[in-house]
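# Structural overview for review
For reference, the chains in residue letters:
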Amino acid sequence: MSVENSAPQHNFRNYLVPMFLASATLFIFLDTWKLDNLWMPALKALPILCLVMIARLELRGKTLLFTFLALSSSAIGDVLLEMQFPQHFVFGLGAFLIAQLIYALGFLRFAEPPNRRNLIRTLPVVIAALLLAQIILPAAGDLAPAVLAYLLAILAMAVAAAMHKGDATLLFAGAVIFMASDTLIAINKFITPLPLADAAIMLTYYSAQLCILYGIRRAQA
């Protein structure tokens, strides 16, 4: 690549993380104030689209493909969950279930055999998922099968992240934060309303996706 072609790309890369942070902050602020506007679903997905562009610049090969598909499915889920139509929660949950499975498959390509490190990471995640299932599923009613399927998908993603070889600490942290975000969603929707739930959910969600993206790059460096 020539210097002339690489310079604009480098400059564009420098703007992507600030764009991610600015758009995420703006959405969280407006969503906390319950702003209802036709363009809010697009604003919600914009930070994830910034991560898609970062992935395009930072990753290569099948790693780029898996990450692109997972982030794209997440962006679709964001839009579906923000829109108001019958069964929008189920459709949004389905999009994120696909995203979690794609992440899991991508991580398992670099899984190392069971060892002390990944077992120490995996066991607390599995225990937490079991406890969450006991609390959430009885309260989920007709949505219990869909919620169980999603819980298994995100557990698979977190376990796959725990087993990723290399320096996967940031990647695993992103997976755990993603689980925390979804736990907040489940408690707020099925158990009891939480104070500032929307802000906490989106803050942890955007943080998780950012950590996963840069965690992938670090683990596979």
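Up top you'll find the structure we're talking about.
Below or above, wherever it landed, is the structure these notes cover. (Residues numbered from 1 in each chain as written. Predicted model: local features only at pLDDT ≥ 70, side-chain atom pairs only at ≥ 80, totals over all residues. Heavy atoms only, no water.)

## A short note on the packing of helix H4 (residues 88–108) against helix H6 (residues 144–162)
- The interhelical angle for the contact between H4 and H6, taken along N-to-C directions, is 25°, at an axis separation of 8 Å. It follows that H4 is roughly parallel to H6 by the angle criterion. Here the hand of the crossing between H4 and H6 comes out left-handed. In this structure, H4 uses Leu-93, Phe-96, Leu-97, Gln-100, Leu-101, Tyr-103, Ala-104, Phe-107 and Leu-108 to contact H6, whose residues at the interface are Ala-146, Val-147, Ala-149, Tyr-150, Ala-153, Ile-154, Ala-156, Met-157, Ala-160 and Ala-161.
- Its residues placed into classes, the contact of H4 with H6 shows 18 nonpolar, 1 polar and no charged. (Axes fitted to C-alpha atoms, helices over the stretch in contact; angles between N-to-C directions. Helix = DSSP H or I, 4+ residues; strand = E, 2+ residues; numbered from the N terminus. Parallel < 35°, antiparallel > 145°, perpendicular 65-115°, else oblique. Left-handed = near helix turned anticlockwise from the far one by under 90°. Contact = heavy atoms within 4.5 Å. Nonpolar A, V, L, I, M, F, W, Y, C, P; charged D, E, K, R; others polar.)

## Some points on helix H2 (residues 40–58)
- Across its 19 residues, H2 extends 28 Å between first and last C-alpha, which sits within 8% of the 27 Å expected from 1.5 Å per residue.
- Leu-46 marks where H2 bends most, by close to 35°; the proline Pro-47 follows one to four residues later. (Expected span 1.5 Å × (residues − 1). Bend = angle between axes of the 7 residues up to and from the residue.)

## Section: the packing of helix H5 (residues 116–136) against H6
- Between H5 and H6, the shortest axis-to-axis distance is 9 Å and the interhelical angle comes to 170°. Taken together, H5 and H6 sit at an angle that is classed as roughly antiparallel. Only Val-147, Leu-151, Leu-155, Ala-158, Val-159 and Ala-162 of H6 make contact with H5, whose side of the interface consists of Asn-118, Arg-121, Thr-122, Val-125, Val-126, Ala-129, Leu-132, Ala-133 and Ile-136.
- Along the lines of polarity and charge, the residues of the contact of H5 with H6 split into 12 nonpolar, 2 polar and 1 charged.

## Some remarks on the packing of aromatic side chains
- Tallying each qualifying case throughout the model produces 9 aromatic pairs.
- Ring centres of Phe-20 and Tyr-206 lie 6.2 Å apart, and the angle between their planes is 85°; this geometry places the pair in the edge-to-face category. Of the two residues, Phe-20 is situated in helix H1 (residues 3–32) and Tyr-206 in helix H8 (residues 197–219); the sequence distance between them amounts to 186 residues.
- Directly above the aromatic system of Phe-89 lies the positively charged group of Lys-189, at a separation of 4.5 Å from the ring centroid. (Phe/Tyr/Trp six-rings, centres within 6.5 Å; stacked < 30°, edge-to-face > 60°. Lys NZ or Arg CZ within 6 Å of the ring centre and 35° of its normal.)

## Observations concerning the pattern of salt bridges
- Counted according to the given criterion, the structure contains 4 salt bridges.
- Ionic pairing is found between Asp-198 and Lys-34, a salt bridge with its closest N-O pair at 2.5 Å. Here the residue Asp-198 occupies a position in helix H8, and Lys-34 occupies one in the loop between H1 and H2, the gap between them amounting to 164 residues.
- On the basis of relative accessible area, Asp-198 is assigned to the partly exposed category, the value being 25%.
- Residue class for Lys-34 comes out exposed when judged on its relative accessible area of 57%. (Salt bridge = Lys/Arg side-chain N within 4 Å of Asp/Glu carboxyl O. Buried < 20%, exposed > 50% of the residue type's maximum accessible area, 1.4 Å probe, protein only.)

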